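Structural overview for review
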Amino acid sequence: MLAVQPRRWLTRPKGLLVFAFTVATLYWLMSHASGSYRDVTLQSPEGAAADAPAEPIPQEITIEDLEDPNHVPSFEDKMKEAQEEQQVAIRQQFRLEHDHLGRVSGADAIYGKTLKTLDSSKSRAASFEAHLTAADKPAYFTTHKPYVYDPYPNYKVDAKSGPYVPCEGPNGEIVSDITVFKGLPKGFPEPIIGGYDVLGMDGDLCFERETRLGMYGFQNANDTSTPSVDWDQVRWGDLVEKCIQKNKARFDLEGKPNPYVNTVYSGKATMPFVGADSDADLVETPKVRDHNDDLRRRKRPASGTVSSASKEKEPRTAILLRTYTGKDYNENDKQVIRSLVTEVSLRTGGRYQVFLFVHVKDNAYAIWDDEGTYQYVLQQNVPPEFRDIAILWNDEAVQAMYPRLDRDKATVHVSQWLSVQKFIQEYPEFDYVWNWEMDVRITGQHYDFLEKISTFAKRQPRRGMWERNERYYIPSVHGDYDTEFRKEVERQSGEDTIWGPPDLPFITPVGPSPPVARPEQDDYKWGVGEEADLITVAPIINVNYSGWVGANDVWGFNDSSHATQQLPRRVTIVTQQRISKRLLDIMHVENLRGNHIASEMTCQTISLLHGLKTVYAPIPMFFDRPWKGKDVARWFNPGERGESGGDNSPIGWGREARYGGTTWYYRATPPQRLYNNLMGYEDTKLGGQEWEEIHGRTCLPPILMHPIKDVAVTESGYESESTLPFG
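Just so it is clear, the model here is predicted, and its values are computed rather than measured.

The next thing to look at is the side chain of Asn591. In this fold, Asn591 is placed in helix H17 (residues 581-593). Of the polar contacts made by the side chain of Asn591, one reaches the side chain of Gln421; its length is 2.9 Å. In this structure Asn591 touches Tyr402, Leu405, Leu418, Gln421 and His596, once residues within four positions along its chain are discounted.

What follows is the structure, encoded as structure tokens:
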């Protein structure tokens, strides 16, 4: 069972070991004036510079110390200095290895791969082949044949809740599918973390810009033809609403209210947190006027719905594109939004629904009191075609909804999920919500990628779930996910595993109890076929000792015998996640009680506390260096039990540089560079019109990438580089 966070670091065996090691290190430092960290040394790899400049060691010496010639550093000062030297040594070692790999064969192999060297000789599973049909027209820019890509189910055969009715797109015709090329360019590497096989996805496909985004408005710079669609006249919300009405027999379009507000904690004797009022008066805060809801109800009259009692209904998912007032929507932003709406909403008959979730930064706009102000803000900040899928919100609205939270903490920077919780209280017909960052791109087909992730999560058993979640899956090291990886994680974890929610008197879990007393009594059956309440695309890490800067951003979650900082908590960096209505509903209740935690920890921690199913889906992650799997494991899963947490965690302050060469992290460089080349723009001496005339057009397999910002034609000599500090 999961225990609460310990009060004292030295109460852990590891703490005692590290303490003893630190004392010994200090003794050695005082006698030799140098330091080491475990087995990490500063030996330069072959061919690397031996005189790499050392990082300055931060010193915390006060003015009084400088004025006192007899000042003697305390034991604590020396221990802190030794720890800082250790961290410097670790950073230098990573930099040496990274720089060395930049000079060997295979470096930058993810860049500059084009249709000219496309290799389609790899055999393909029959199920994948069935999704591909030769296109009627050849591509003018390559000799390779394009194929129409249809990854959707056979709705005539698979329809369970009602008939599927195809929907029209912006040109008045039934929406069609994009085209793709079979195979990958020669020399394109395999993903080092995650993979396609584990997700059941066809990774042997190559997506090129014109066949991928042409139907959504993309035109090459030298294409001066008139666009086939006047996009400013399109109303995506109207198209989607008509589509949903055609398919209304398949869905419950009303939903159910939050079942936990007046049930889970009603009459409970314990306080929500020390110093708070009783839970007995826990009531829903009055809703402010929702203009979006008014608009939606005009389009969807109550009489048009079908009783949910007739047949089991298909689940629906909302995708909230996190945007804000003042954002400049470039052409690529618009094309990507159009592709999302078409591929996941119109093409599925409304199973998904996409919204622009617009944060109004200036609370001075009285958007809740005046319809004219609401419309003014909408028209000034959202392109015409997307205004009827936009939802405005501001910090003032969520602060009013959660009066027990500190207003300074109830802002988008600390509390990103409050607005999503508000959304699900007002749109209860959705079973799931994807929180979607605007600087994320999927090079592949949106529906295919999202469905493969959710299907993977659905088939995962709960046994060993939290332990698998806390580490990167590296196929070359871990082997098969469902057999070798599963067993290895259990071996490393021993009996220290999570089986059901922790026993905390101030939390009443809403999730199911384990069917047996111990996980080893379950034959990997519990949870299989159960939809995940939370899906992440990066590990779910124990923040304890991780060095992550926001680890202590938690408020409430205590009682007279449990301090707030003892709360077991988990974190995932980048909040691109799918969350169930059930999880959002209980998050809403915890916030109404005054319990609160920072955005990166919110969903993971509440899911843990309430015993809900949570899955990290190991998306394919590529690197710009030819790392060996064992070395990636050493840098990205450095914990004592092979997990990504611990005191050398890559998410810790000063250690995030490890992500600089990956395709998924908010400080990574490859995503922007790869995407610029894909769009035909020069970046780091590759891409651009003249380069493509010689080498061909860039094409990429389906990759989920982040961050990608300000996609536009680049100047000659342009080079992408993340400017965010790594600490």
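A cis amide bond links His706 with the next residue in sequence, Pro707, at an omega value of 5°. As for its placement among the helices and strands, Pro707 is situated in the segment after strand E19 (704-705). Phi is positive for Tyr545, close to 65°, though the residue is something other than glycine. By the secondary structure assignment, Tyr545 is in the loop between strand E13 (541-542) and strand E14 (554-555).

This paragraph deals with the environment of Ile442. As for its position among the elements, Ile442 is in strand E11 (residues 441-442). It is 9.1 Å that separates the C-alpha atoms of Ile442 and His706, two residues lying 264 residues apart in sequence. If near-sequence neighbours (up to four positions away) are discounted, Ile442 is found in contact with Arg212, Trp436, Phe449, Ile703 and Leu704.

Attention now moves to the sheet that holds strand E12 (residues 534-536). Taken together, seven strands build an open sheet; the order of strands is E9-E8-E7-E10-E16-E12-E18 and the sheet is mixed. Looking along the sheet, the strands with just one partner apiece sit at the ends: strand E9 (390-393) and strand E18 (614-616). When the angles between neighbouring strand axes are averaged without regard to direction, this sheet yields 20°.

What follows deals with the confidence of the model for the protein chain. The predicted model of the protein chain averages 88 in pLDDT, with 84% of residues at 70 or higher. Low pLDDT, under 50, characterises residues 6-13; the predicted model gives this stretch 15 contacts beyond four residues in sequence or across chains. Residue range residues 269-278 is modelled with pLDDT below 50. Its contacts to residues more than four positions away, or to other chains, number 28 contacts.

Another aspect to go through is helix H18 (residues 599-609). The buried fraction of H18 is high, at 10 of 11 residues. By the burial criterion, the buried members of H18 are Ser599, Met601, Thr602, Cys603, Gln604, Thr605, Ile606, Ser607, Leu608 and Leu609.

The pairing of strand E2 (residues 132-134) with strand E3 (residues 146-149) spans three bridges and is classified as antiparallel. By the bridge assignment for E3, Leu132 is matched with Tyr149. Sheet analysis places E3 next to strand E4 (residues 179-182), joined by three bridges and oriented antiparallel. Bridge pairing in E4 places Tyr147 opposite Val180.

All right, on to the packing of helix H12 (residues 417-426) against H17 then. Describing two packed helices takes the angle between their axes plus the distance from one axis to the other. The geometry of H12 relative to H17 is characterised by a closest axis approach of 9 Å and an angle of 115° between their N-to-C directions. Our classification of the angle between H12 and H17 gives roughly perpendicular. For the element pair H12 and H17, the recorded crossing hand is left-handed. Facing Trp417, Leu418, Val420, Gln421, Ile424 and Gln425 of H12, the residues of H17 in contact are Lys581, Leu584, Asp585, Met587, His588 and Asn591. Split by residue class, the contact of H12 with H17 holds six nonpolar, four polar and two charged.

Attention now goes to the state of the cysteines. As enumerated under the stated definition, the model contains two disulfides in all. In this model, Cys167 is linked to Cys243 through a disulfide, with the two sulfur atoms separated by 2.0 Å. Judged by the sign of its S-S torsion, about 80°, the cystine formed by Cys167 and Cys243 is right-handed. Within this pair, whereas Cys167 is found in the loop between helix H5 (155-158) and E4, its partner Cys243 is found in helix H7 (residues 236-246), the two being separated by 76 residues in sequence. Exposure remark for Cys167: the relative accessible area of 2% places this residue in the buried category. Across a sulfur-sulfur distance of 2.1 Å, Cys206 and Cys699 are joined as a disulfide pair. Between Cys206 and Cys699, the S-S torsion sits near 85°, and that sign places the bridge as right-handed. Residue Cys206 is located in strand E6 (residues 205-206), and its partner Cys699 is located in the loop between helix H21 (689-695) and E19; the two are separated by 493 residues in the primary sequence. Both residues of the pair, Cys206 and Cys699, belong to the buried class. The connectivity of the disulfide-linked cysteines in the protein chain, indexed sequentially, is 1-3, 2-4.

So, on to the nonpolar core. Nonpolar side chains in soluble globular proteins tend to end up buried together. With 170 residues, the main nonpolar core has Ile319, Leu356 and Phe423 as its most contacted residues. The contact partners of Leu356, leaving out residues within four places of it in the chain, are Leu321, Thr323, Tyr329, Ile337, Val382, Phe386, Ile389, Ala390 and Ile391. Membership of the second largest hydrophobic core comes to seven residues, among which are Leu118, Ala139, Phe181 and Cys206.

With that settled, consider the environment of Val412. Within the fold, Val412 resides in the loop between helix H11 (395-401) and H12. The sequence separation of Val412 and Ser599 amounts to 187 residues, and the corresponding C-alpha distance is 8.7 Å. In this structure, Val412 is in contact with Arg322, His359, Trp393, Asp395 and Ser599, ignoring residues within four places of it in sequence.

What follows deals with the pattern of salt bridges. Applying the stated rule across the entire model yields 43 salt bridges. Taking the shortest distance from any N to any O, the salt bridge between Asp482 and Arg486 comes out at 3.8 Å. In this pair, Asp482 and Arg486 are both assigned in helix H16 (residues 481-493), four residues apart and thus about one turn of the helix distant. Taking relative accessible area as the criterion, Asp482 reaches 33% and is therefore assigned partly exposed. One salt-bridge network, held together by shared partners, links Arg124, Glu129, Lys182, Asp202 and Asp204.

Here is what the cut-offs are and how they apply
Residues numbered from 1 in each chain as written. Predicted model: local features only at pLDDT ≥ 70, side-chain atom pairs only at ≥ 80, totals over all residues. Heavy atoms only, no water. Helix = DSSP H or I, 4+ residues; strand = E, 2+ residues; numbered from the N terminus. Polar contact = N/O pair within 3.5 Å; in protein donor to acceptor, adjacent residues only side chain to side chain. Contact = heavy atoms within 4.5 Å. Pairing = 2+ DSSP bridges. Axes fitted to C-alpha atoms, helices over the stretch in contact; angles between N-to-C directions. pLDDT = per-residue confidence, 0-100. Buried < 20%, exposed > 50% of the residue type's maximum accessible area, 1.4 Å probe, protein only. Parallel < 35°, antiparallel > 145°, perpendicular 65-115°, else oblique. Left-handed = near helix turned anticlockwise from the far one by under 90°. Nonpolar A, V, L, I, M, F, W, Y, C, P; charged D, E, K, R; others polar. Disulfide = S-S within 2.5 Å. Core = buried A, V, L, I, M, F, W, Y, C linked by side-chain atoms within 4.5 Å. Salt bridge = Lys/Arg side-chain N within 4 Å of Asp/Glu carboxyl O.

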